[in-house]
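Geometric and topological summary
Residue strings, one per chain:
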Amino acid sequence: MSNPLSHPEDPGFDSSIQENLKQLSAQLGSPLDELSVMEIYQNACDLLSHVSPSPLTLARVTGTLLVYRVKDTELEEFKWFSTQVKQCLDEEEVEELIESIHRTDAL
């Protein structure tokens, strides 16, 4: 799998996000195998391919996708999040979307 979002200034960045995903999934009680981690990471890269995300934004999107995966979130919610990310015009909108998901006062 190629990664259009790789960061040449930090060649280990991609693997460090994937390693962190493995560790987080274990901490959440649902350890994921290498293939599942790579799928989540690639999905995040695909969702963000239309913007130029910072490493932090990419990590936050992969983390959100991880939580959706290990918490067995309903498919409709996952699709909603994916659609919202694809509609964001820039990295700032992606960050605002992620923040709005985590706000308890969003409703």
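Below, the structure is looked at part by part.

What follows deals with the overall build of the protein chain. Looking only at helices and strands, the protein chain features five helices and zero strands. Counting from the amino terminus, helix and strand elements in the protein chain follow one another as α-α-α-α-α. Looking at the protein chain as a whole, 36% of its 107 residues qualify as buried. For the protein chain, long-range pairs separated by at least 24 residues make up 59% of all intrachain contacts whose partners lie at least 6 apart in sequence. Element-wise, carbon and sulfur atoms account for 52% of the exposed surface of the protein chain, whose accessible area totals about 6,500 Å².

On to the environment of V61, then. Within the secondary structure, V61 is located in helix α3 (residues 55–70). Placed 33 residues apart in sequence, V61 and V94 show a C-alpha to C-alpha distance of 8.4 Å. In contact with V61, other than residues within four places in its own chain, are A44, L48, F81, V94 and I98.

Next up on the list: the nonpolar core. By size, the foremost hydrophobic cluster in this structure holds 24 residues, and its most contacted members are L21, L48, L58, V61, L65 and F81. If you list the elements that add at least two residues to this core, you get α1 (13–27), α2 (34–47), α3, α4 (75–87) and α5 (91–102).

So, about α1. In this model α1 runs 21 Å from its N-terminal to its C-terminal C-alpha over 15 residues, within 8% of the 21 Å that 1.5 Å per residue would give. Turning to α1, its buried residues number three or more, namely F13, D14, I17, Q18, L21 and S25. Buried residues of α1 fall within an arc of 135° about the axis and therefore sit on the same side. Packing partners of the buried residues in α1 comprise α2 and α3. After α1 finishes, the residue G29 shows a positive phi value of roughly 85°.

It is worth spelling out α3 at this point. Between its first and last C-alpha atoms α3 spans 22 Å; for 16 residues at 1.5 Å apiece the expected length is 22 Å, and the two agree. The complete set of buried residues in α3 reads T57, L58, V61, T62, G63, T64, L65, L66, Y68 and V70. Looking at the buried positions of α3, the neighbouring elements they touch are α1, α2, α4 and α5. At the exit of α3 stands D72, carrying a positive phi of roughly 50°.

The next thing to look at is the pattern of salt bridges. Counted according to the given criterion, the structure contains four salt bridges. With a closest N to O distance of 3.0 Å, K22 and E34 form a salt bridge. Here the residue K22 occupies a position in helix α1, and E34 occupies one in helix α2, the gap between them amounting to twelve residues. Residue E95 pairs with R60 through a salt bridge whose shortest N-O separation is 2.1 Å. One end of the pair, E95, is in helix α5; the other, R60, is in helix α3, and 35 residues separate them in sequence.

Parameters and conventions
Residues numbered from 1 in each chain as written. Predicted model: local features only at pLDDT ≥ 70, side-chain atom pairs only at ≥ 80, totals over all residues. Heavy atoms only, no water. Helix = DSSP H or I, 4+ residues; strand = E, 2+ residues; numbered from the N terminus. Buried < 20%, exposed > 50% of the residue type's maximum accessible area, 1.4 Å probe, protein only. Contact = heavy atoms within 4.5 Å. Areas by Shrake-Rupley, 256 points an atom, 1.4 Å probe, with all protein chains shown as cover. Core = buried A, V, L, I, M, F, W, Y, C linked by side-chain atoms within 4.5 Å. Expected span 1.5 Å × (residues − 1). Arc of directions from axis to C-beta. Salt bridge = Lys/Arg side-chain N within 4 Å of Asp/Glu carboxyl O.

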